[in-house]
Amino acid sequence: MKTAKITLTAFTIALLAAPAARAAGKKDVEQIKRGEHLVKVGLCADCHTPKKMGPNGPEEDISKMLSGHPAAHLVTQAADKPAGPWAIAVAGDLTAWSGPWGVTFTRNLTPDKKTGLGDWTEQNFIDTIRTGKKLGKGRPILPPMPIAGIQNYSDDELKAIFAYLQSLPPISNAVPEPIPPAAPTAQPPVAAKK
Amino acid sequence: MALAWRLIGVTAVLIAGAARAGEGPWPPKTLAETHPEAAGVRPFSPQYPLWSDGATKQRWVWLPRGKTIDASDAEAWRFPVGTRFWKQFSFGGRKVETRYLEKTGPDVWVYATYVWSEDQREATLAPAATGMRGAVEIAPGVRHDVPSVSDCKACHEGKGRDVVLGFSALQLSADRDPLAPHAEAVPEGSLQLVELLRENRLAHAPRFWQRTPPAVAARTPRARAALGYFHGNCSFCHNDRDPVSSVGLSLRADLTATIADEQPAIRTAVDVPSKFQIRGIEPDRSRRLATGDIERSAVLVRMRARDGLSQMPPLGSKCADTAALDLISTWVADELPSRAGGM
């Protein structure tokens, strides 16, 4: 009798919960769609998606959507400063940028846990954009990422973007770390204690 | 009070009727005005000090009379409203800046930094938004930055805890680590753990702290110092509570760990693949700390870097801490227990 009562209760809860779950699912889909729209309007793929050569020249390689600078394309040093008024050199697929700040490699935005944003939380993403620092505390987000413009997004918009990025298929691509500009190594001003 | 003034190094006369929190502009324009009217400013000294490019640092705390620190959460003490902290930075024997924290509400802390005048007689409030970049030269070609408030918050703020760093059971323990890099002598009249317990300023503290001062459980003295250094220099971001915990690297010392190899730093760093790609190392070969291999240890590579991009900590220092690098490199090379088999 007791077992039957528990079963009935569980069934009732399941019935009541089902529409809520469907509503939550619908909300998620809407949020992801909104995020996809914002990512497209924001032209994120221009730099974060590798390119391949098509009949009309370079085009986005959809199989590597938003996976950042390909790890296989080794870049070991900054480009020479171009002659004349030019300050920046850009790789042909727009995933590597060299300038006075050093060399930027566009990050892997897919939810791959080891190489992308798979271990990030929504709060990590918002903190990164709001502060302009990785995870809200780390190194500065580098040019040409238009961080000052993206900071104008509302929290809801950033959450939508993150939801969309997390919905992508994870792609394993270990993007190299940025290369800092050449500078002399600073030495400590006092003798270190042993 | 006169003693406290000398300790803080302020020679200016206390401005009568200085604005109090909630009654006027706060933080005030001068360091002198931050001093409480009541006595009780005490120095303290953490055993694992944060590396700040070789600055000589002095620290003071003031707790409101009759109020206690809530130590229910041993990892995150809650301070009474009215608590004040000062930390003074000197380079080459000259005072450069004094940083100030005051708790003005249950979850509200005021941050301020005061920059010392050329004649060393007074310190005035630095711009909150910008701090003061390159305030003084501390080594040939290296200038010290006075931080902005957002710089301060980047390290001090965490999830569900007060913003104070370096004032905790481990940091104030009487069981001082003899190998701790840059360890300082405990000043006379300090408010360390012993005094906090004896003077009943610590509520809900574990009783065993009285007879067994907290220490880092570790296999060797060098391991103890290395883990303690991580705790004092890295764990304010790399812990298991704050948002950055998502990366799964905790460098806090766990006072409840009785088995050395269960320290969070051992569990989450040793032979764990690093997402940070060390230049010149194959992508899948970088480790956070690689047993016996300094070059593949991303933590060491980032401690050594001072380029503004890959360096750790990411701000607050422009010169690598060579003493800590020596200590931790030796530990990694010679003593680190391998966990590769368990990964």
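That block above? That's the structure.
These notes cover the structure that comes with them. (Residues numbered from 1 in each chain as written. Chains lettered and ligands numbered in written order. Predicted model: local features only at pLDDT ≥ 70, side-chain atom pairs only at ≥ 80, totals over all residues. Heavy atoms only, no water.)

**Observations regarding the sheet that holds strand E5 (residues 102-105) of chain A**
Residues and elements named next belong to chain A. As a reminder of what qualifies: For two strands to count as paired, DSSP must find a minimum of two bridges between them. The secondary structure listing takes helices from DSSP runs of H or I that are at least 4 residues long and strands from runs of E that are at least 2 residues long, numbered from the N terminus.
With respect to topology, three strands assemble into an open sheet ordered E3-E4-E5, the strand pairing being antiparallel. In the strand order of this sheet, the two ends are held by strand E3 (89-90) and E5, each with one partner. Note: strand E4 (residues 96-99) against E5, four bridges, orientation antiparallel. The residue of E5 that forms the bridge with Ala96 is Phe105.

**Digging into unusual backbone geometry**
When glycine is set aside, most residues are seen to have a negative phi, and most peptide bonds are trans. Here A:Pro143 and A:Pro144 are connected by a cis peptide whose omega angle stands at 5°. Within the element layout of this structure, A:Pro144 appears in the loop between helix H3 (122-131) and helix H4 (147-150). Residue B:Pro313 follows B:Met312 across a cis peptide bond; omega there is -10°. Structurally, the position occupied by B:Pro313 is in the loop between helix H7 (298-304) and helix H8 (322-335). The phi angle at B:Asn200 is positive, at roughly 55°, despite the residue not being glycine. As for its placement among the helices and strands, B:Asn200 is situated in the loop between helix H3 (193-198) and strand E10 (202-203).

**Quick look at the packing of aromatic side chains**
Centre distance and the angle of the planes are the two values used to describe a pair of aromatic rings. Residues and elements named next belong to chain B. Worth spelling out the cut-off: Here the aromatic set is Phe, Tyr and Trp, taking the six-membered ring for Trp, and pairing holds for ring centres within 6.5 Å; pairs whose planes are under 30 degrees apart are stacked, those over 60 apart are edge-to-face, and all others are tilted. When accessible area is computed with a 1.4 Å probe and restricted to protein chains, residues below 20% of their type maximum are described as buried, those above 50% as exposed, and intermediate ones as partly exposed. By definition, being over a ring means that NZ of Lys or CZ of Arg is both within 6 Å of the ring centre and within 35 degrees of the ring normal.
Tallied over the full model, the rule gives 11 aromatic pairs over all chains. Ring geometry for Phe79 versus Phe167: centroids 5.9 Å apart, planes at 50°, classification tilted. Residue Phe79 is located in the loop between strand E3 (69-70) and strand E4 (84-91), and its partner Phe167 is located in the loop between helix H2 (149-156) and H3; the two are separated by 88 residues in the primary sequence. Take Phe79 and Phe167: they sit in the same class, and that class is buried. Here the basic side chain of Lys95 rests over the ring of Trp116, its NZ or CZ set 4.0 Å away from the ring centre.

**Remarks on the side chain of B:Arg288**
Formally: This count recognises Lys and Arg as positive and Asp and Glu as negative, with His and chain-terminal groups excluded. Should a side-chain nitrogen of Lys or Arg be within 4 Å of a carboxyl oxygen of Asp or Glu, the pair is scored as a salt bridge.
Looking at where B:Arg288 falls in the secondary structure, it is placed in the loop between helix H6 (264-269) and H7. Summary of buried charges: B:Arg288 has no salt-bridge partner, and the nearest side chain of opposite charge, A:Asp119, is 5.8 Å away.

**A short note on the pattern of salt bridges**
Residue and element names in this part refer to chain B. According to the stated counting rule, one finds 28 salt bridges over all chains in the structure shown. In this structure, Asp73 and Arg241 form a salt bridge, with 2.7 Å as the shortest nitrogen-oxygen distance. Separated by 168 residues along the polypeptide, Asp73 in the loop between E3 and E4 and Arg241 in the loop between helix H5 (221-233) and H6 bring together distant segments of the chain. Note on Asp73: relative accessible area 31%, which makes it partly exposed. Of the residues examined, Arg241 reaches a relative accessible area of 37% and is grouped as partly exposed. Asp145 is the salt-bridge partner of Lys318, the closest N and O atoms lying 3.1 Å from each other.

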